[in-house]
Amino acid sequence: DAGVIQSPRHEVTEMGQEVTLRCKPISGHDYLFWYRQTMMRGLELLIYFNNNVPIDDSGMPEDRFSAKMPNASFSTLKIQPSEPRDSAVYFCASGPMGQGGEKLFFGSGTQLSVL
Amino acid sequence: GEDVEQSLFLSVREGDSSVINCTYTDSSSTYLYWYKQEPGAGLQLLTYIFSNMDMKQDQRLTVLLNKKDKHLSLRIADTQTGDSAIYFCAEDMGRRALTFGSGTRLQVQP
């Protein structure tokens, strides 16, 4: 398996533009997570899905952020309109159903810069 | 607030032991984890410990858990330059998603 695949790897955009980040989880994993990493705030959970259904989106900063998981092999995180304070590394992770102690497998992240 | 706390930086010499400490927040956490992040990469699971254990050893890694004080530590024996990375502790807080600490940057001097 190729692991969790995120695209693009880097995104540079101007304030006000729409940004879409993409994630392909590991096949067979039931859970998908979106995290954001910044120097100031560390790793923050934005939202996670179980079997394509959003379970907890309390970490989504505001209405400008939205996430979808239309099927088991694809998820998007959209920011519209983007702002400079959204600049961060966005990670997608997936994990299997289980009793506990399961790994989260992280993608390589998308480095977002909003100018 | 819900903050998993770690010291920011640790520098050791190659061959020495490294000890990275973490204070977590939620006694309902079932498992506690250590992840490693190398530059430009995502996080990788190093090891984890069930909350009713107080120690786990895995090759060069030793995890100690003090549940009373909500204190978790990671000891790396015979630290190598390849161990240089950021180390994150994490707790599950009784749910599937993990809450991560701020990370400790380990620098290994040759």
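Check the entry above for the structure.
Residues numbered from 1 in each chain as written. Chains lettered and ligands numbered in written order. Predicted model: local features only at pLDDT ≥ 70, side-chain atom pairs only at ≥ 80, totals over all residues. Heavy atoms only, no water.

Before going further, it helps to examine the layout of surface pockets. Taken as a whole, the largest pocket holds about 1200 Å³ of empty space. Lining the largest pocket are 50 residues; nearest its centre among them are Q37(A), T38(A), R41(A), G42(A) and L43(A). Counting residues per element, the ones that place at least two in the lining of the largest pocket are strand 4 (31-38), strand 5 (42-50), strand 9 (88-95) and strand 11 (110-114) of chain A together with strand 9 (85-91), strand 10 (99-100) and strand 11 (104-109) of chain B. At six residues, strand 5 of chain A tops the list of elements feeding residues into the lining of the largest pocket. Taken together, the residues of the lining of the largest pocket break down into 20 nonpolar, 19 polar and eleven charged. (1 Å grid on protein atoms, 1.4 Å probe; cavity = no way out; pocket = protein on both sides within 12 Å on 5 of 7 lines; lining within 4 Å. Points joined across faces, edges and corners; volume = space filled by probe spheres on them. Helix = DSSP H or I, 4+ residues; strand = E, 2+ residues; numbered from the N terminus. Nonpolar A, V, L, I, M, F, W, Y, C, P; charged D, E, K, R; others polar.)

Moving on: the side chain of D83(B). Mapped onto the elements of the fold, D83(B) is located in the loop between strand 8 (71-76) and strand 9. D83(B) gets classed as buried once you look at its relative accessible area, which sits at 8%. (Buried < 20%, exposed > 50% of the residue type's maximum accessible area, 1.4 Å probe, protein only.)

Accessible area lost upon the coming together of the parts serves often as the stated size of an interface. Between chain B and chain A, the contact holds 16 residues from the first and 21 residues from the second. Interface area, chain B with chain A, both sides summed: about 1500 Å², of which 55% is carbon and sulfur. The largest share of the area that chain B buries against chain A comes from L43(B), R96(B) and F100(B), three residues that together contribute 38% of it. Across the contact surface, chain B and chain A share one salt bridge. Of the charged contacts in the structure, one is a salt bridge between D56(A) and R95(B), with a shortest N-O distance of 3.0 Å. Inspection of the region where chain B meets chain A yields six residue pairs in polar contact (both at pLDDT 80 or more). If you tally residues by element for the side of chain B that touches chain A, the top one is strand 4 (residues 31-37) of chain B, at four residues. Of the residues that constitute the side of chain B that touches chain A, the class distribution is eleven nonpolar, three polar and two charged. (Contact = heavy atoms within 4.5 Å. Buried area = accessible area lost by both parts, 1.4 Å probe. Salt bridge = Lys/Arg side-chain N within 4 Å of Asp/Glu carboxyl O. Polar contact = N/O pair within 3.5 Å; in protein donor to acceptor, adjacent residues only side chain to side chain.)

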